[in-house]
Amino acid sequence: MLDPLAAVTDAFTSLLFGKVETTRLPVRTSTGQAQAVYLPTAAPGLGDSGVIIGREVYSGKGYIYDPFQLYGQQLPAPHWLVLGESGNGKSALEKTYVLRQLRFRDRQVVVLDAQGEDGVGEWNLIAQQLGITPIRLDPMSAREGGTVLNPLDPAITTTGQLALLRTIIEVATGRGLDERAGFALKVAHAAVLDQYGAASAEGDGSGTGRQPVLTDIVEQLRHPEAESAESMNVDIDDVRAWGLDVALVLDRLIDGDLRGMFDGPTTVGIDLDAPLIVFDLSRIDRNSIAMPILMAIVGVWLEHTWIRPDRRKRIFLVEEAWHIINSPFVAQLFQRLLKFGRRLGLSFVAVVHHLSDVVDGAAAKEAAAILKMASTRTIYAQKADEARATGRVLGLPRWAVEIIPTLTPGIAVWDVNGNVQVVKHLVTDAERPLVYTDRAMTEEGTARELAAEAEAAERAHAAIGTPYADEPYGSPDPSESSASSASSESTVA
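Computed from a predicted structure; not experimentally measured.

Focus: helix α18 (residues 384–394)
Of all the residues in α18, the buried ones are Glu 386, Ala 387, Thr 390, Gly 391 and Leu 394. Projected onto a plane normal to the axis of α18, the buried residues spread over an arc of 135 degrees and lie on a single side. Two residues or fewer past α18, Gly 395 is found with a positive phi of approximately 70 degrees.

Dropping the structure here:
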């Protein structure tokens, strides 16, 4: 009970300032009891139809994503951008996503595999598991029966062939093709198509009976037809001079470091109906100009030979995609390819380490257009300054930007057209052996090495008659190492 002085003070205070809030004594309780006071809340998911990715970190709910199921409802476009530094789980996500998508009968995937391991592309294990032979583009083996993709393939339209030839030259020179050089190329291309009627876009079986190849284009550039020059009222020597630089650039694909891969008829037997098609580019120097040229040729070749209106859902996944987005000329070709997503059911998946690799490059305008088409963005751990730059470009909320540098391997921020979640990717035991891309640095790889060393030591000791158990420090039991490796829980390759 308050004393009289306190009662008078409270009355006077209430008169001046209004009623004072009642002070409540603190209550001691446990977390388990207190959580009942707060109703459980979780952000809405993306539905329950599609591919299981993992689970949301904060709510624990399963996270399901499928661009084909979400298109038209929550997604304006089915394209997907994956960002993050090496070693955080991008590769594991891509591979498990493809394996799970292929469980649907109407899905088909093409992968441009630009990363190598053990002398082959990192998708080689998955291809073997599915009974598929990767299409290995290797300049060293191209002349000895290796895979050849012909930029003048009859399956590619006349317009597509000419656009591809221009892009090859522009990528190689780093500048646009001027009008005179473009005219010389157009004249040479038209003359070659006239000469090899069987290799026209219609492929009617007339003419010489073989596909035209790049050698034919170079020959026409060096020795143009007089009729072509007369039609434009220009001198034949001028046409030859205009096409000389173009001929020198294309000659690189004939006798240079890329010889054999594109100078010849397309290799027979490439199965474009297989559920998974892997182009192994791991033998190509990723930092050379050859890589964007390869990307352009493969992209256009697929555009005209693979994408068809047959109601199949197709996924085009590109490793090291900055080779595409960072080249204005290649990016323009892929912008057109991405537009097929809405009309023919194509989902383009671009994997990039750093967004700064593309937004600060020579193709900033084209890169912005491609990024705008990607309604799904997955961001793995990045350094703080890179995370802030990524957040500004992609329009991520502040809380997401702040946690990106703190993410552990296997956990990423997913932004699906504004629905932002933190998701932990889960890999099953059956998938784990197929998605490792750094086996030499993993426990499994170390266990294999230790097992091999132990076996060698046993053989050596047996040869000299020394008991294996007499070793002062012993050797690891290979079976124990393998068992511990197999039993260790890991969600990221």
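Still to come is the rest of the account.
What to know about the packing of aromatic side chains
Under the definition given, this model contains 12 aromatic pairs. Relative to Trp 301, the ring of Phe 279 has its centre 6.3 Å away and its plane inclined at 85 degrees; by these criteria the two rings are edge-to-face. Here Phe 279, found in strand β8 (residues 276–280), pairs with Trp 301, found in helix α12 (residues 290–305); they are 22 residues apart in sequence, far enough to count as distant. No difference in accessibility class separates Phe 279 from Trp 301, as the two residues are buried. On the basis of an interplanar angle of 25 degrees and a centroid distance of 6.0 Å, the ring pair of Phe 316 and Phe 334 is categorised as stacked. Pair noted here: Phe 316 is in strand β9 (residues 313–318) and Phe 334 is in helix α14 (residues 328–338), with a separation of 18 residues, a long-range link. Neither residue differs from the other here; Phe 316 and Phe 334 are each classed as buried. Taken together, Tyr 63, Tyr 65, Trp 80, Tyr 97 and Trp 414 form an aromatic cluster joined through their ring pairs. The lysine or arginine in question, Arg 107, covers the ring of Phe 104, its NZ or CZ lying 4.6 Å from the ring centre.

A short note on the sheet that holds strand β1 (residues 51–56)
Remark on secondary structure: sheet strands pair via backbone hydrogen bonds, oriented parallel or antiparallel. Pairing within the open sheet is mixed, and its 11 strands lie in the order β2-β1-β13-β12-β11-β3-β10-β9-β4-β8-β7. For this open sheet the edge positions go to β2 (62–65) and β7 (135–136), each flanked by a neighbour on one side alone. Where strand β4 (residues 107–113) meets β8, 5 bridges bridge the pair, whose relative direction is parallel. In the sheet register, Val 109 faces β8, and the bridge partner there is Leu 276. Contacting β3 (79–83) and β11 (374–379), helix α17 (residues 364–373) runs over the sheet at an angle of about 90 degrees to β11.

A short note on the nonpolar core
In terms of nonpolar packing, the biggest core is built from 97 residues, with Phe 279 and Phe 316 touching the most fellow members. The element best represented in this core is α12, accounting for 11 residues. Each residue touching Phe 279, except ones within four places of it in the same chain, is listed here: Val 110, Val 111, Leu 112, Asp 113, Ile 135, Leu 137, Leu 149, Val 298, Trp 301 and Leu 302.

Here's the deal with the packing of α14 against α17
Put simply, α14 and α17 touch, their axes get as near as 9 Å, and they point 25 degrees apart. Classified by the angle between their axes, α14 and α17 sit roughly parallel to one another. The crossing of α14 and α17 is left-handed. Note on element contacts: α17 touches α14 through Glu 366, Ala 369, Ile 370 and Met 373, opposite Pro 328, Ala 331, Gln 332, Gln 335 and Leu 338. Residues that form the contact of α14 with α17 fall into these classes: 6 nonpolar, 2 polar and 1 charged.

Concerning the environment of Gln 101
For Gln 101, the location among the structural elements is in helix α4 (residues 90–101). Judged by its relative accessible area of 0%, Gln 101 falls in the buried class. Distance from Gln 101 to Val 51, taken between C-alpha atoms, is 6.5 Å for residues 50 residues apart in sequence. Leaving out residues up to four positions away in the same chain, Gln 101 has contacts with Val 51, Asp 66, Pro 67, Arg 107 and Ile 315.

Quick word on helix α6 (residues 158–173)
With 16 residues, α6 ought to run about 22 Å at 1.5 Å a step, and its terminal C-alpha atoms sit 23 Å apart, in line with that. Within α6, burial applies to Gly 160, Gln 161, Leu 164, Leu 165, Thr 167, Ile 168, Ile 169, Glu 170 and Val 171. Those residues of α6 hidden inside the fold are in contact with α7 (179–195), α8 (214–222), α11 (244–255), α12 and α14. Gly 174 sits one or two positions beyond α6 and adopts a positive phi of about 75 degrees.

So, the pairing of strand β10 (residues 346–352)
Of all 7 residues making up β10, 7 are buried, and the element is well covered by its neighbours. Residues of β10 alternate between two faces, with Leu 346, Phe 348, Ala 350 and Val 352 on one and Ser 347, Val 349 and Val 351 on the opposite face, all of them buried. As defined by bridge partners, β3 adjoins β10 across 4 bridges and the pair is classed as parallel. Pairing of Leu 83 across the sheet is with Val 352, part of β10.

Calculation criteria
Residues numbered from 1 in each chain as written. Predicted model: local features only at pLDDT ≥ 70, side-chain atom pairs only at ≥ 80, totals over all residues. Heavy atoms only, no water. Buried < 20%, exposed > 50% of the residue type's maximum accessible area, 1.4 Å probe, protein only. Helix = DSSP H or I, 4+ residues; strand = E, 2+ residues; numbered from the N terminus. Arc of directions from axis to C-beta. Phe/Tyr/Trp six-rings, centres within 6.5 Å; stacked < 30°, edge-to-face > 60°. Lys NZ or Arg CZ within 6 Å of the ring centre and 35° of its normal. Pairing = 2+ DSSP bridges. Contact = heavy atoms within 4.5 Å. Axes fitted to C-alpha atoms, helices over the stretch in contact; angles between N-to-C directions. Core = buried A, V, L, I, M, F, W, Y, C linked by side-chain atoms within 4.5 Å. Parallel < 35°, antiparallel > 145°, perpendicular 65-115°, else oblique. Left-handed = near helix turned anticlockwise from the far one by under 90°. Nonpolar A, V, L, I, M, F, W, Y, C, P; charged D, E, K, R; others polar. Expected span 1.5 Å × (residues − 1).

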